[in-house]
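Topology and contacts: notes
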Amino acid sequence: MLKNILYALVAASLLAQSALAQTDAFPSKPIRIIASTSPGGLTDLLARNLGRLMSDSLGQQVVVENRPGAGTLIGMTACARAPADGYTLCLTDNQSLVFNPLLFSKLPYDPKGDFVPIGGVVRTPNDVIVASPTLPANNLAEVLALARAKPGTLSFATWGPGSLPAIYYAWITRQAGVQMIAVPYKGAGPSFMAVLSGEVNLAYSSLAIAKPAAEAGKVKLIAVTGNRRAAAFPSTASLGESNSDPNLGTFWGLYAPVKTPAAVVARLNTELNKALASAAFQSFAQQGFLETMAGTPEQFAATLAQAQATSARTFQTIGIQPTDAPSDAPQATPRP
């Protein structure tokens, strides 16, 4: 028995030394960040900025792969099915792990069991609803009046079923008792281009993307999200002023497939926080009206859990019931 115990102790020691050696060698090849939206949107810009900064500190290239569609289900499923070795990460907003479980009765990934948080990235105090310059409405009250006068004619661009714009669309139309048409696009970039071109009447956007276009007269600012006005647009009313905001907010996080070694997660968290604290990223965040969320994986996990609980109550108030996932969503399969 003593011999067996000694063998077990030696084996455990060798295993620990092997894992430590692998961690010390990490990363030994390029790292991939899957962005669950199209190029040009804020998720894509965040991934590319972080990828560049983390490449410098990790000594390995960090590349971004865009996997848009199906309300982020395509990109997040690809991340969940990747090897849990730290070489595939995913950057996404709270749609993927907060909203999708409430919107869809069945997901191709387990939102609570397939991912481990690396850490928070940024949050947006305000986003904005914009309109085509040709729309004869200049604020939310005028938009709603137009929607009541012409039911089912105004169009509102979303980033697909389950996206934050789709939730705001549902909240505003149900609270106001109006009918509009939700038009899904594969991310913030395509949806904003649609309102710029006049293909749709309304769209949801980040302040960073909307500000230059608004200053050039290419879009109208209808309302900012949240309960307070945005410092960048003090004359634009907030949705909270008319009790029209669901108080969901937007934040982004960096994740890895579950069972990624704890030491690798810790190393990635350290490098993520370094990137967030860098002068280059701080400048990017300020220009984009973003607040950084540096911290530990445990702190971000707590933020995620709180958002899940708050959103569940909001969805119940709205009356949104889970439906089938989008037709272009991947099929559920076991992790490798």
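Residues numbered from 1 in each chain as written. Predicted model: local features only at pLDDT ≥ 70, side-chain atom pairs only at ≥ 80, totals over all residues. Heavy atoms only, no water.

Bringing the sheet that holds strand β8 (residues 202–206) into the picture now. Sheet strands pair by backbone hydrogen bonding; their relative direction is either parallel or antiparallel. Across the sheet, which stays open at both edges, the 5 strands sit in the order β7-β6-β8-β5-β9 with mixed pairing between neighbours. Lying at the two open borders of the sheet, with one neighbouring strand each, are β7 (181–184) and β9 (220–224). Taking the axes of each pair of neighbouring strands and ignoring which way they run, one obtains an average angle of 35° across the sheet. With 4 bridges joining them, strand β5 (residues 127–131) and β9 adopt antiparallel strand pairing. Its bridge partner lying in β9, Ile 129 is registered against Ala 223. Together, β5, β6 (155–158), β7 and β8 form the strand contacts of helix α6 (residues 164–176), whose direction differs from that of β6 by roughly 145°. Where helix α7 (residues 188–197) meets the sheet, its contacts fall on β5, β6 and β8, and the angle it forms with β8 comes to roughly 130°. (Pairing = 2+ DSSP bridges. Helix = DSSP H or I, 4+ residues; strand = E, 2+ residues; numbered from the N terminus. Axes fitted to C-alpha atoms, helices over the stretch in contact; angles between N-to-C directions. Contact = heavy atoms within 4.5 Å.)

Think of a disulfide as a covalent bridge from one cysteine sulfur atom to another cysteine sulfur atom. Counting across every chain of the model gives 1 disulfide. Note on cysteine connectivity: Cys 79 is disulfide-linked to Cys 90, with sulfurs 2.4 Å apart. Looking down the S-S bond of the Cys 79 and Cys 90 bridge, the torsion is -65°, so its handedness is left-handed. In this pair, Cys 79 is assigned in helix α3 (residues 73–80) and Cys 90 in strand β3 (residues 88–93), connecting sequence segments 11 residues apart. Considered together, Cys 79 and Cys 90 belong to a single accessibility category, that of buried residues. (Disulfide = S-S within 2.5 Å. Buried < 20%, exposed > 50% of the residue type's maximum accessible area, 1.4 Å probe, protein only.)

Next up on the list: empty space enclosed by the protein. Any space left empty among the atoms is revealed by the rolling of a water-sized probe across them. Counted by the stated rule, this structure contains 4 cavities of 30 Å³ or more. Counted as a void, the largest cavity has a volume near 70 Å³. Taken together, Leu 42, Asp 93, Asp 127, Trp 159, Ala 188, Tyr 204, Ser 205, Ser 206, Ile 209, Thr 250 and Trp 252 make up the lining of the largest cavity. Looking at the lining of the largest cavity, the element that brings in the most residues is β8, giving 3 residues. Partitioned by chemical class, the residues of the lining of the largest cavity number 6 nonpolar, 3 polar and 2 charged. (1 Å grid on protein atoms, 1.4 Å probe; cavity = no way out; pocket = protein on both sides within 12 Å on 5 of 7 lines; lining within 4 Å. Points joined across faces, edges and corners; volume = space filled by probe spheres on them. Nonpolar A, V, L, I, M, F, W, Y, C, P; charged D, E, K, R; others polar.)

Counted under the stated rule, the structure contains 7 salt bridges. Notably, a salt bridge pairs Asp 44 with Arg 48, separated by 2.8 Å at the nearest N-O pair. Within this pair, Asp 44 and its partner Arg 48 are both found in helix α2 (residues 42–58), separated by 4 residues, close to a single helical turn. A relative accessible area of 4% means that Asp 44 is categorised as buried. Three or more residues are tied together by salt bridges with common partners; here these are Arg 32, Glu 65 and Arg 67. (Salt bridge = Lys/Arg side-chain N within 4 Å of Asp/Glu carboxyl O.)

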